[in-house]
There are 2 protein chains.
Amino acid sequence: MNHPAFYTTESWQSLKNQAACFDTGEYHLRVLLNDHNRFDRFSIKLEDFFFDFSKQRMDESVFQNLCRMARELDLPARFTSMASGGSVNRTEKRAALHTAARDFSDRYITTGSMDVKKEVQKVNRKIRAFTEDVHNGRITGSTGKRFTDVVVVGIGGSYLGASFVNTALGYGHKRKMGLHFLSNVDIDNFAAVIKNVDVETTLFVVISKSYTTVETMANLNQIIEHLQACSIDPEHHLVTVTSRESPGDDPSNPVLGTFHMFDFIGGRYSVTSAVGGVPLSLAFGFDVFEEFLRGAHQMDLTAETAEIEENPAVVAALVNVWNSNGLGYNALGIIPYSTALSELPAHIQQLYMESLGKAVTAEKNPVSYKTGVLLFGEPGTNAQHSFFQLAHQGMAFPIEFIGAVKPGFTGEQELSGGVTNHQELWANMVSQARALAVGRENPEDLSRHFTGNRPSSTIVIPDLQAFHIGMLLSFYEARTVYEGFILDINPFDQFGVELGKKLAGTIRKEMAQKNANPAHSFHNLDEATRFYLEILLTGEL
Amino acid sequence: MNHPAFYTTESWQSLKNQAACFDTGEYHLRVLLNDHNRFDRFSIKLEDFFFDFSKQRMDESVFQNLCRMARELDLPARFTSMASGGSVNRTEKRAALHTAARDFSDRYITTGSMDVKKEVQKVNRKIRAFTEDVHNGRITGSTGKRFTDVVVVGIGGSYLGASFVNTALGYGHKRKMGLHFLSNVDIDNFAAVIKNVDVETTLFVVISKSYTTVETMANLNQIIEHLQACSIDPEHHLVTVTSRESPGDDPSNPVLGTFHMFDFIGGRYSVTSAVGGVPLSLAFGFDVFEEFLRGAHQMDLTAETAEIEENPAVVAALVNVWNSNGLGYNALGIIPYSTALSELPAHIQQLYMESLGKAVTAEKNPVSYKTGVLLFGEPGTNAQHSFFQLAHQGMAFPIEFIGAVKPGFTGEQELSGGVTNHQELWANMVSQARALAVGRENPEDLSRHFTGNRPSSTIVIPDLQAFHIGMLLSFYEARTVYEGFILDINPFDQFGVELGKKLAGTIRKEMAQKNANPAHSFHNLDEATRFYLEILLTGEL
């Protein structure tokens with residue numbers, strides 16, 4: 001399928017002209033919000049998900065043009081192509097089938113000659129059986145003791161998503177096992193994680209698609225030595241999540257179990273595959289993981305089939321492009337008003353910035369417009385007491401507020417100032433969005449002057465149950481993919497990480513030579529690199 | 001003292017012209033780095049601190065002009081004025097004396113009629129005595145059991161700094177007590193913290209300058225009820241860190257102890273005051289806290305007295321202003337290659353964005369240039385597998401890499417690929433800075449083309465000992481203050497947080513009225529606010 005570039009569409013031409021007007025007072029959010037129909041018009045209410053974009057800097061005509069552009073770009077059909085196994089990862093000539101990992105519909109999906117859902121379901125059945133065996137004590141550690149804790153050894157896409165969901169589910173679901181993450185190659189990360197578990201009752205889940213990820217292999221190495229030093233047989237304490245026929249899938253290298261991951265699901269989209277499935281099912285049980293998948297699937301269906309105007313993922317993607325390429329913003333803040341969602345910003349940061357931080361189109365031509373912006377965030381109300389000074393009076397950037405109607409806590413809450421803590425939390429979330437939008441004039445004292453006109457969206461889920469965490473995750477995945485489609489960039493590759501890895505390989509080799517032969521000289525290296533390696537070796541600055 | 005605005009100086013005029021040249025290939029970092037003297041020239045080596053700015057986009061002439069500008073603006077003298085008690089917080093007509101909290105010199109400092117160091121030392125002696133009593137079991141909880149854990153109840157400046165340092169010190173020092181933080185008003189934050197401690201052996205440290213901070217008071221309320229429900233006498237489990245004569249300093253409201261904070265030390269600069277002193281001394285002992293203070297003081301001395309060219313805090317501030325106002329960057333990434341420093345980015349995000357996210361000068365005139373940029377970060381190598389795709393190929397932003405020559409871990413490390421984990425960590429840190437700077441041409445395949453020319457600095461401390469964590473903290477405080485001086489904005493106020501608080505107060509009142517009288521109607525509120533309050537009350541989306 002050929003699609004026009006977004007900036008060549010008629011609708012975008014109109015939008016460019018409209019963007020220029022938005023600097024005038026007439027289009028200030030304070031004015032736009034006077035329209036009493038606006039909140040109803042610019043919000044999308046699904047059964048279990050609410051998306052409010054009424055505080056974005058747009059009017060009816062901008063919104064219509066954005067939706068028209070979405071149709072010109074044939075967005076939902078491209079989502080369907082992705083979800084059906086089309087080669088949407090064009091630079092790597094692959095499908096992108098994270099949605100298949102949770103596709104409970106009767107859609108038949110193939111890539112190459114593989115019946116994708118059959119394979120995915122096979123892995124999931126294996127996860128269910130294995131994790132039940134661990135919970136029931138049919139599978140134990142090498143000394144016969146039941147496993148109590150799980151350590152995931154993985155980095156990036158093999159870590160951030162599962163870690164976010166693990167934290168989130170901990171507030172609405174009963175935990176069956178402790179779940180820890182060893183991601184960084186920093187030896188202090190290893191030491192901190194090991195200190196917190198009893199290795200005799202700990203299961204290590206090594207996650208790496210290629211099973212060659214440097215950090216993960218180095219940490220695995222430390223773990224195996226440590227287990228042996230503790231007289232624990234590693235074979236009975238390890239499982240792997242990896243590609244078929246990777247070194248982690250080698251029967252000569254025995255482990256308790258191997259769960260396959262597939263090249264049509266990229267790391268940052270892999271939470272609903274075995275990458276999330278194994279650790280999350282161990283932590284909470286497979287049934288909870290399955291509810292999480294069902295929620296993700298529910299949002300996938302909406303993302304694929306809902307009308308543009310009623311489709312939160314599409315509208316949110318259009319809003320982002322309008323904000324970056326129309327109004328010129330360079331960043332996006334993600335502020336969950338929920339402790340349970342405290343790791344959401346770090347996960348979405350990876351998902352969004354790795355997917356959209358590109359300089360070429362999907363056909364490898366240079367782009368002439370803005371691609372992904374900087375994304376960061378912290379939970380509210382904490383963020384209000386941290387960087388919101390800048391959000392209100394410094395460089396403006398759009399924000400997404402996220403709230404859960406019900407907290408995980410179900411006990412009695414004392415009232416303070418006549419309200420519960422949870423009500424106080426929401427009073428703040430709602431107030432921040434409004435304060436950013438309307439501002440407050442104070443010409444007498446400019447240090448207390450608030451320009452306002454700072455855009456935000458608000459996302460609400462009913463509670464912290466797995467189903468709704470799944471919807472939230474899928475919303476962000478679909479939005480990211482849609483933004484990639486609009487910008488005509490490939491949201492599934494990540495060639496930008498290669499150069500640093502390559503240079504690290506060179507330095508590693510030099511260092512290894514020096515370790516083996518103290519007479520080895522670093523004369524091939526530049527001055528800075530030489531200096532850093534030398535202080536590292538002497539241990540003295 | 002009157003100083004010219006930075007943009008009116010002759011040196012800045014030259015710099016503006018030079019900035020324009022830096023878009024040409026001649027000034028690409030790849031070219032600049034060919035100069036073998038550059039690393040030596042553009043790095044500052046102190047006894048225990050190393051600052052490398054050789055990968056910043058500047059040449060000798062730019063550096064000279066920046067230093068000339070620093071002299072024209074009389075920067076070090078302004079630091080001296082601050083450290084001596086001058087009213088540098090001009091909008092609030094106060095001193096800013098965080099440096100006095102760790103001033104071991106014989107400088108005599110007054111503000112109003114107060115002998116500042118005498119007061120600070122009095123508080124510190126009280127902290128030492130109290131924490132020793134807790135450690136020795138002379139002070140116990142209400143059932144006579146020794147305290148094992150501390151929960152800090154505080155938010156923003158009463159939380160982020162101490163939390164960062166607590167994590168950092170955990171890798172190089174023996175812990176005497178567990179230290180936990182309850183910051184967010186979210187009831188799930190309360191539930192998660194309480195679940196992790198045994199209240200019978202837990203000491204709660206309530207930190208709030210005014211003792212009216214909404215979040216902190218609401219959490220204190222939950223705690224007191226919970227303690228009473230557990231038949232624990234709150235009086236024997238609470239201490240307060242607050243202003244003299246605040247409600248937390250009221251003898252009719254008895255607690256185990258009260259430690260004073262002063263209005264001349266703002267929250268985000270308060271880690272070296274009682275705000276950090278009480279929790280960190282409980283966690284590690286007062287001696288460790290004092291070492292931390294000594295390190296901070298060491299860097300304060302350098303920041304105040306070193307020549308511009310040899311002054312890391314001043315040079316780093318100049319680099320920031322060159323990057324934001326000269327070269328046009330909008331963000332700064334903070335990437336510590338150290339698990340121990342994992343909370344540094346969140347703390348510096350607050351310190352920097354709350355200090356410099358301003359729209360008016362210190363005299364309350366509107367600014368016509370860029371003030372603070374967006375600051376965010378995650379530890380490396382994690383960040384490499386997360387958002388570094390964008391850092392290499394998407395929107396460019398300067399980065400600060402931070403490393404410790406020695407990790408906290410002192411055991412044997414297995415070799416992987418011939419190197420230790422710590423060597424691998426450093427190989428990556430060094431490689432990323434270089435890859436970002438030099439890039440790699442690949443005209444054949446633009447998806448693998450790296451433009452390079454992406455600036456970074458590298459900061460190195462010798463190890464994770466308290467003294468060096470103190471130096472690092474003070475470096476960032478001094479750099480922030482200097483950047484405020486250059487930009488002629490007040491880095492000590494935060495009026496931007498007021499409007500949101502005010503609106504939250506209105507909504508709280510409406511909600512409280514509804515709680516008291518279910519017939520209360522929200523007709524005074526806008527549609528959006530009404531909707532959010534209604535779903536919250538019914539508990540249904």
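Asks: Looking at this structure, how should I read the packing of helix α12 (residues 312-326) of chain B against helix α16 (residues 466-487) of chain B?
Replies: A packed helix pair is summarised by two numbers, namely the angle formed by the two axes and the spacing between the axes. Residue and element names in this part refer to chain B. As a packed pair, α12 and α16 sit with axes 8 Å apart at the nearest point and diverge in direction by 50°. Relative to α16, α12 is oriented oblique. Crossing geometry of α12 relative to α16 is assigned as right-handed. Mapping the contact onto sequence places P312, A313, V314, A316, A317, N320 and V321 in α12 and F475, A478, R479, Y482, E483, I486 and L487 in α16.

Asks: I would appreciate a short explanation of the relation of the copies chain B and chain A in the present structure.
Replies: Each of the two chain copies goes to the other by way of a rotation about an axis and a shift along it. Once chain B is rotated about the relating axis by 180° and shifted along it by 0.0 Å, it coincides with chain A to within an RMSD of 0.0 Å. One copy is carried onto the other by what is essentially a two-fold rotation axis. Taking C-alpha positions as the reference, the residue of chain B nearest the rotation axis is F376(B), at 3.3 Å. The residues that chain B uses at the interface reappear at the interface of chain A in 100% of cases, marking a shared surface.

Asks: It is not clear to me how the domain arrangement of chain A should be interpreted in this structure. Could you clarify?
Replies: Many structure descriptions define interface size as the accessible area lost when the parts assemble. Residues and elements named next belong to chain A. One can read the domain layout of chain A as domain 1 (6-72 + 307-408 + 415-493), domain 2 (109-291) and domain 3 (496-538). Between the C-alpha centres of domain 1 and domain 2 the distance comes to 34 Å. Taken together, the contact between domain 1 and domain 2 spans 21 residues of the former and 18 residues of the latter. Those elements giving two or more residues to the side of domain 1 that touches domain 2 turn out to be α13 (344-356) and α16 (466-487). Broken down by element, the residue count for the side of domain 1 that touches domain 2 peaks at seven residues, all from α13.

Asks: Explain the environment of D198(B) to me, please; I cannot follow it from the model alone.
Replies: One can find D198(B) in the loop between α8 (187-195) and β7 (202-207). A sequence separation of 49 residues divides D198(B) from D149(B), and the C-alpha atoms of the two residues are 8.0 Å apart.

Asks: I keep staring at helix α6 (residues 116-136) of chain A and nothing clicks. Help me out?
Replies: Spacing of three or four residues puts side chains on the same side of an α-helix, whose turn is 3.6 residues. Residue and element names in this part refer to chain A. In this model, α6 (21 residues) spans 30 Å end to end at C-alpha, consistent with the 30 Å of a helix rising 1.5 Å per residue. Every buried residue of α6 is listed here: V116, K117, V120, V123, N124, I127, F130, T131 and V134. Considered in projection along α6, the buried side chains sweep an arc of 155° and stay on one side of the axis. Seen from the open side of α6, the exposed residues pointing more than 90 degrees away from its buried face are K118, K122, R125 and N136. Of the surrounding elements, those touching the buried residues of α6 are β3 (110-111), β4 (114-115), β7 (202-207), β9 (257-261), α10 (274-284) and α11 (286-305). Just past α6, the residue G137 takes up positive phi, approximately 80°.

Asks: Where do I start with the confidence of the model for chain A in this structure?
Replies: Reading predicted coordinates in detail is not appropriate for stretches of low pLDDT. In this model, chain A carries a mean pLDDT of 97, and residues with pLDDT of at least 70 account for 100%. In the predicted complex, the global pTM is 0.98; the interface-specific ipTM is 0.97.

Asks: How do you make sense of unusual backbone geometry when you look at a structure like this?
Replies: Across residues other than glycine, the phi torsion is negative in most instances, and most of the peptide bonds are trans. Residue and element names in this part refer to chain A. A cis geometry characterises the amide bond from G380 onward to T381, with omega recorded as 5°. Locating T381 in the fold gives a position in the loop between β11 (374-376) and α14 (388-393). Positive phi values are uncommon outside glycine, yet Y211 reaches one of about 60°. Position of Y211 relative to the elements: it lies in the loop between β7 and α9 (214-229). On the basis of neighbour count, Y211 is assigned to the buried category, with 22 C-beta atoms found within 10 Å.

Asks: In this structure, what is going on with the sheet that holds strand β6 (residues 178-182) of chain A? I would like to understand it.
Replies: Neighbouring strands of a sheet are bound in pairs by backbone hydrogen bonds; such pairs are parallel or else antiparallel. Residues and elements named next belong to chain A. As summarised here, the arrangement of the five strands in space is β6-β5-β7-β8-β9, forming an open sheet in which the pairing is parallel. With partners counted over all chains shown, the strands left at the sheet margins are β6 and β9, one partner each. Put simply, the sheet's adjacent strands are angled 20° from each other on average, direction ignored. Relative to β9, strand β8 (residues 238-243) runs parallel, the two being bridged by five bridges. Within the sheet, the bridge partner assigned to V239 lies in β9 and is G257.

The rules behind these values
- Residues numbered from 1 in each chain as written.
- Chains lettered and ligands numbered in written order.
- Predicted model: local features only at pLDDT ≥ 70, side-chain atom pairs only at ≥ 80, totals over all residues.
- Axes fitted to C-alpha atoms, helices over the stretch in contact; angles between N-to-C directions.
- Helix = DSSP H or I, 4+ residues; strand = E, 2+ residues; numbered from the N terminus.
- Parallel < 35°, antiparallel > 145°, perpendicular 65-115°, else oblique.
- Left-handed = near helix turned anticlockwise from the far one by under 90°.
- Contact = placed C-beta atoms within 7 Å.
- Least-squares fit on C-alpha atoms with pLDDT ≥ 70 in both.
- Domains from an automatic or database assignment.
- Expected span 1.5 Å × (residues − 1).
- Buried ≥ 20, exposed ≤ 12 C-beta atoms within 10 Å, placed from the backbone.
- Arc of directions from axis to C-beta.
- pLDDT = per-residue confidence, 0-100.
- Pairing = 2+ DSSP bridges.

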